[in-house]
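Residue strings, one per chain:
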Amino acid sequence: MTTTPASLPPPRPSRRNLHPNLRRNRPPLPAGALALLLAATGLAPAAQAGDTSAAAQLQRWSAEAGAPGQAERGRLFFTRTHGGEWSCASCHGNPPTGEGRHAATAKTIAPLAPAANPRAFTDGARTDKWFRRNCKDVLSRECSPQEKADVLAYLVALPVRP
Ligand code: HEC
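Residues numbered from 1 in each chain as written. Predicted model: local features only at pLDDT ≥ 70, side-chain atom pairs only at ≥ 80, totals over all residues.

As annotated in an unreviewed UniProt entry, the chain carries the name Cytochrome c domain-containing protein and comes from Sphaerotilus uruguayifluvii.

(A) Spatial organisation of the overall build of the chain. When helices and strands are tallied, the chain shows eight helices and two strands. Overall, the chain shows an N-to-C arrangement of helices and strands of α-α-α-α-α-α-β-β-α-α. Residues classed as buried in the chain amount to 22% of the 162 residues present. In the chain, 55% of the contacts between residues at least 6 apart in sequence involve partners at least 24 apart. (Helix = DSSP H or I, 4+ residues; strand = E, 2+ residues; numbered from the N terminus. Buried ≥ 20, exposed ≤ 12 C-beta atoms within 10 Å, placed from the backbone. Contact = placed C-beta atoms within 7 Å.)

(B) Quick peek at the packing of helix 5 (residues 71-79) against helix 8 (residues 145-157). The interhelical angle for the contact between helix 5 and helix 8, taken along N-to-C directions, is 100 degrees, at an axis separation of 7 Å. In this view, helix 5 runs roughly perpendicular relative to helix 8, as classed from their interaxial angle. Side by side, helix 5 and helix 8 meet where Ala-71, Arg-73, Gly-74, Arg-75, Phe-77 and Phe-78 of the first sit next to Glu-147, Asp-150, Val-151, Ala-153, Tyr-154 and Ala-157 of the second. (Axes fitted to C-alpha atoms, helices over the stretch in contact; angles between N-to-C directions. Parallel < 35°, antiparallel > 145°, perpendicular 65-115°, else oblique.)

(C) Geometry of the site of the ligand. Near the ligand, the surroundings consist of 22 residues, among which Cys-88, Cys-91, Thr-127, Trp-130 and Asn-134 are the closest. The set of elements that each furnish at least two residues to the shell around the ligand consists of helix 6 (89-92) and helix 7 (124-139). Considering only residue class, the shell around the ligand consists of 15 nonpolar, five polar and two charged. (Near = placed C-beta within 6 Å. Nonpolar A, V, L, I, M, F, W, Y, C, P; charged D, E, K, R; others polar.)

(D) Summary view of unusual backbone geometry. The linkage connecting Asn-94 with the following residue, Pro-95, adopts the cis geometry, with an omega of 0 degrees. Phi at Ala-106 takes a positive value of approximately 65 degrees, unusual for a residue other than glycine. Relative to the helices and strands, Ala-106 is located in the loop between strand 1 (100-101) and strand 2 (108-109). For Ala-106, a count of 7 C-beta atoms within 10 Å gives the class exposed. Non-glycine residue Phe-121 carries a positive phi angle of around 65 degrees. Note on placement: Phe-121 falls in the loop between strand 2 and helix 7. For Phe-121, a count of 24 C-beta atoms within 10 Å corresponds to the buried category.

This is the structure we're talking about:
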């Protein structure tokens, strides 16, 4: 049931012709991707400052878990192996208030405890990335919000090693 006169060109081909023209006039990258690039190269000053804190991340995961993080449970989680070869402490040390040493590459790792490392847990995307990666290495799965809250509760309570 079309009311379009047979003499008019069908709408689809003309739309298709317009599209490449519009795309040619666009900047090569969407603004979001450009901002990410700037952040990655360190050109965006805001990206260099931390966007969060250990306390804020503890709060976030406790809220997600629906229960506050427990430091003692976090300590046990951090120091035991979970059926695999490594614990969190294998690379981060026990307690993680000093420099860690990567169990596979022997590379030095900055202290994980915020009291010993002011940069620890100040970049949310960085924390998420390493939690994902390290939990997969140690537990063969991602850590739950409760496990992350427990680990954070443990870490923020650690004093600097005397
Ligand atoms: C095989 C070595 C290894 C193991 C095992 C490991 N980590 Fe890590 N972890 C690292 C490295 C390397 C970094 C990055 C350090 C850096 O760049 O300063 C890191 C960073 C992190 C960070 C980011 C900290 C921040 O400032 O945001 C978190 C969180 C973390 N690890 C948690 C864990 C937890 C929890 C476990 C145990 C489930 C664990 N890690 C086990 C090597 C390891």
